[in-house]
Amino acid sequence: MNQPVPPAPSADQQRLALLIEAESMQLGEFLAILEREENLLVAGDIDALVSIANDKNERYRQLQRLHDERTRLLARMGYGISDAAIRTVCANLPRVLARWDEVIARARQARDRNALNGQLILERMSGNQAALTVLLSAANHPQLYDADGLAKPTGGGRILGSA
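Small disclaimer: the values here were computed from a predicted structure and weren't measured.

A. Spotlight on the overall build of the protein. Scanning the protein for helices and strands turns up four helices and two strands. Across the protein, helices and strands are ordered from the amino to the carboxyl terminus as α-α-α-α-β-β. Evaluated residue by residue, the protein yields a buried proportion of 22% over its 163 residues. Look at the contacts in the protein between residues 6 or more apart in sequence, and 62% of them connect residues 24 or more apart. Roughly 11400 Å² of accessible area belongs to the protein as shown, and the carbon and sulfur atoms make up 57% of that amount.

Written out as structure tokens, the structure is:
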């Protein structure tokens, strides 16, 4: 018994498959960057975050280019950009659909991890702002010490040179 051979994918389907494959790989690399960013935030290694931010921005631009190209391809094929459109176009390509499911899962993971990193950044900024407020407050009201080395309150005295 011979099983029917599925039709060969069209050139557009092949191009879409390549774009989905590339997007999945880029998202995997983006997730790795986000994980490194989280580790640096937890460790407090602020200097290394600059390099991570540059890597993250470059990877995001690459993902955006892939998304834009996929959008143009689907539009040329007469489809909108949606999960349903991709599932329709790739209905006879189960491996591509599996990879598309991976893209969706990785995109959700990236969104969640990026939100967590954003929260870590906000917490660190809040701590830095509190420390800065204390320092600025201390700078505006310097502690004075008496002859015994004990702190004495400031204010209420005369400014030098005044009567």
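Next comes the rest of the write-up.
B. Region of interest: the packing of helix α1 (residues 11-43) against helix α2 (residues 46-76). For the pair α1 and α2, the least separation of the axes is 9 Å and the interaxial angle reads 160 degrees. Taken as axis vectors, α1 and α2 run roughly antiparallel relative to one another. Here the hand of the crossing between α1 and α2 comes out left-handed. Its residues assigned to classes, the contact of α1 with α2 comprises 18 nonpolar, two polar and twelve charged.

C. Structural view of the nonpolar core. Ranked by size, the top nonpolar core spans 20 residues in total, and within it Leu16, Ile20, Ile86 and Cys90 carry the most contacts. The dominant element in this core, judged by the number of residues it contributes, is α1, at seven residues. Leaving out residues up to four positions away in the same chain, Leu16 has contacts with Arg70, Leu73, Leu74, Val89 and Cys90.

D. Representation of α1 within the structure. The end-to-end C-alpha separation of α1 is 48 Å, in line with the 48 Å expected for 33 residues at 1.5 Å each. In the stretch just after α1, Gly44 is the one whose phi turns positive, near 80 degrees.

What counts and what doesn't
Position numbers for residues start from 1 in each chain and track the written sequence from start to end. The predicted origin of the model limits local features to residues at a pLDDT of at least 70 and limits the giving and counting of side-chain atom pairs to 80 or more, whereas totals for whole chains, interfaces and linings rest on all residues. Excluding hydrogens and water, the side-chain values take into account all heavy atoms of the structure. Here a helix means four or more residues in a row that DSSP labels H or I, a strand means two or more in a row labelled E, and each is numbered from the N terminus. For every residue, the accessible area (1.4 Å probe, protein chains only) is compared with the maximum for its type, and the residue is labelled buried under 20%, exposed over 50%, or partly exposed between those bounds. Note on definitions: a residue-residue contact is assigned when non-hydrogen atoms from the two residues lie within 4.5 Å. Surface accessibility follows the Shrake-Rupley procedure with a 1.4 Å probe radius. Residue values consider only the protein chains on display as shielding. Throughout, an axis means a line fitted to C-alpha atoms (over the contacting stretch in the case of helices), and angles, computed between N-to-C directions, take values from 0 to 180 degrees. Working definition: roughly parallel below 35 degrees, roughly antiparallel above 145 degrees, roughly perpendicular at 65 to 115 degrees, and oblique for all remaining angles. Left-handed describes a crossing in which the near helix is turned anticlockwise from the far one by less than a right angle; the clockwise case is right-handed. Classes in brief: Ala, Val, Leu, Ile, Met, Phe, Trp, Tyr, Cys and Pro nonpolar; Asp, Glu, Lys and Arg charged; the others, Gly included, polar. In these notes, a set of buried Ala, Val, Leu, Ile, Met, Phe, Trp, Tyr and Cys residues joined through side-chain atoms within 4.5 Å is what counts as a nonpolar core. Expected helix span is taken as 1.5 Å per residue step, with the number of steps being one fewer than the number of residues.

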